[in-house]
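Observations on chain architecture
So you can see what is in the structure, the chains are spelled out below.
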Amino acid sequence: MLVTTPAIVISALKYGEADLIVKAYTYSDGLKTYMLKGVLKSKKGKFKASQFQLLTQLEIVANHRNQGKMEYLKDAKVLHTYTSLHTNMVKGAMLMFLAEVLKNAIREEETNPQLFNYLENSLMWLDLHDKIANFHLLFLLNLTRYLGFYPDSASKELPYFNLLDGVFEMNSINNYCIEGQNITILRQLLGINFDALNEVKLNQQSRSNFLNMLLLYYELHIEGFKKPKSLAVLNEIFS
């Protein structure tokens with residue numbers, strides 16, 4: 001079926017001498033993988049490799065057979081031209097990290113308009129703002145809402161947060177109950193939007209500790225989720 005849809009590039013892997021295998025999260029059909037023949041060598045072809053930089057927002061025309069195999073693009077154009085995401089070194093490191101998380105976390109080949117809109121709007125916010133040191137923390141926390149394991153904040157005044165069940169507890173009932181500074185930061189981030197991030201003051205160590213806790217939360221709730229290799233680069237940028 002021929003589909004025209006917005007799409008966000010999750011990864012682009014060189015294949016052979018001139019081909020690209022592109023994973024994209026589409027508005028119409030969720031996660032899709034496309035084979036782009038000759039894109040790395042052809043100067044006159046329909047596609048340019050620069051169109052498929054990480055988390056670029058595109059409008060694509062594709063033939064979706066929906067058989068769990070690679071699909072083929074017929075056309076693609078950049079839908080939103082970023083002003084800083086691909087030129088700012090700090091934002092570039094964050095993009096690499098976020099794209100790797102999304103590649104590990106999103107598996108569904110089905111439409112999820114709420115998730116797509118969240119990704120689209122979050123990336124636009126990141127592109128237009130400069131104070132972004134805590135962006136990835138709130139991005140990952142809010143992403144869990146669309147992946148099905150957002151923390152239950154009904155009893156957030158309780159002293160422990162149970163990573164395994166995603167709830168606040170009166171007592172520590174397993175090895176995955178957190179307390180202390182991490183739970184304080186969690187309370188600060190629950191329910192806020194990106195514009196409120198300036199009110200959350202963290203140093204490098206507390207930011208790193210909370211991020212590691214979030215990644216453990218993902219590991220516990222997404223089968224096969226792996227800690228991103230780009231984490232070291234991100235930590236270096238914000239050290």
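Rules and cut-offs
- Residues numbered from 1 in each chain as written.
- Predicted model: local features only at pLDDT ≥ 70, side-chain atom pairs only at ≥ 80, totals over all residues.
- Heavy atoms only, no water.
- Helix = DSSP H or I, 4+ residues; strand = E, 2+ residues; numbered from the N terminus.
- Rg over C-alpha atoms; globule rule 2.2 N^0.38 Å.
- Buried < 20%, exposed > 50% of the residue type's maximum accessible area, 1.4 Å probe, protein only.
- Contact = heavy atoms within 4.5 Å.
- Areas by Shrake-Rupley, 256 points an atom, 1.4 Å probe, with all protein chains shown as cover.
- UniProt positions renumbered as here; feature names shortened; annotations may be inferred.
- Phe/Tyr/Trp six-rings, centres within 6.5 Å; stacked < 30°, edge-to-face > 60°.
- Lys NZ or Arg CZ within 6 Å of the ring centre and 35° of its normal.
- Core = buried A, V, L, I, M, F, W, Y, C linked by side-chain atoms within 4.5 Å.
- Domains from an automatic or database assignment.
- Pairing = 2+ DSSP bridges.
- Axes fitted to C-alpha atoms, helices over the stretch in contact; angles between N-to-C directions.

Before going further, it helps to spend a moment on the overall build of the protein. Each helix and strand counted, the protein has 6 helices and 8 strands in total. Computed over C-alpha atoms, the radius of gyration of the protein comes to 19 Å, within 12% of the 18 Å expected from 2.2 N^0.38 for 239 residues, which places it in the range of a compact globule. For the C-alpha atoms alone, the extent of the protein along its principal axes is close to 60 × 35 × 30 Å. Looking at the 239 residues of the protein, the share that counts as buried comes to 48%. Taking all contacts inside the protein whose residues are at least 6 apart in sequence as the whole, residues at least 24 apart take part in 61%. Surface exposure of the protein reaches about 12000 Å², of which carbon and sulfur atoms provide 49%.

Summarizing the sequence annotation, UniProt attributes the feature "domain: DNA replication/recombination mediator RecO N-terminal" (unreviewed entry) to residues 1-82 in the numbering used throughout. For residues 1-82, the end-to-end C-alpha separation is 30 Å, with 0% helix and 55% strand making up the annotated structure.

Attention shifts here to the side chain of Ser122. Structurally, the position occupied by Ser122 is in helix α2 (residues 113-128). Once residues lying within four places of it in the same chain are set aside, the contact partners of Ser122 are Phe135, Phe139 and Phe194.

Time to look at the packing of aromatic side chains. Overall, the coordinates contain 14 aromatic pairs when judged by the stated rule. Ring centres of Tyr118 and Phe139 lie 5.5 Å apart, and the angle between their planes is 25 degrees; this geometry places the pair in the stacked category. One end of the pair, Tyr118, is in helix α2; the other, Phe139, is in helix α3 (residues 135-147), with 21 residues separating them in the sequence. The burial state of Tyr118 is the same as that of Phe139; both residues are buried. An aromatic cluster is built from Tyr118, Trp125, Phe135, Phe139, Tyr146 and Phe194, whose rings are joined through pairwise contacts. For the cation-ring pair, Arg145 lies above Tyr150, with the distance from its terminal atom to the ring centre recorded as 3.9 Å.

Moving on, we come to the nonpolar core. One finds Leu119, Phe135, Phe139 and Leu140 to be the most contacted residues of the largest nonpolar core, which totals 58 residues. Take this core: its biggest share by element is 8 residues, from helix α1 (residues 89-105). For this core, the two domains that each supply at least three residues are domain 1 (1-81) and domain 2 (84-238). Those residues in contact with Leu140, other than ones at most four positions away along the chain, are Phe97, Leu98, Val101, Leu211, Leu214, Leu215 and Tyr218. One finds Leu36, Val39, Ile60 and Ala76 within the second-largest nonpolar core, a separate group that totals 15 residues.

A separate point is the sheet that holds strand β8 (residues 177-178). Strand order in the open sheet formed by 3 strands is β7-β6-β8, with antiparallel pairing between adjacent strands. The two strands at the open ends of the sheet, each matched to only one other strand, are β7 (167-169) and β8. Relative to β7, strand β6 (residues 160-162) runs antiparallel, the two sharing 3 bridges. Counted as the bridge partner of Tyr160 is Glu169 from β7.

Let's shift gears to the sheet that holds strand β1 (residues 2-15). The pairing of strands in a sheet happens through backbone hydrogen bonds and is either parallel or antiparallel. Strand order in this open sheet of 5 strands is β3-β2-β1-β4-β5, and the pairing throughout is antiparallel. Only two strands of the sheet have a single neighbouring strand rather than two, namely β3 (30-36) and β5 (72-80). Each strand of the sheet is rotated relative to its neighbour by a mean of 40 degrees, with strand direction disregarded. Pairing between strand β2 (residues 19-26) and β3: 7 bridges, direction antiparallel. Across the sheet, residue Ile21 finds its bridge partner in β3, namely Met35. Running at roughly 65 degrees to β1, α2 makes contact with β1, β2, β4 (57-63) and β5 of the sheet.

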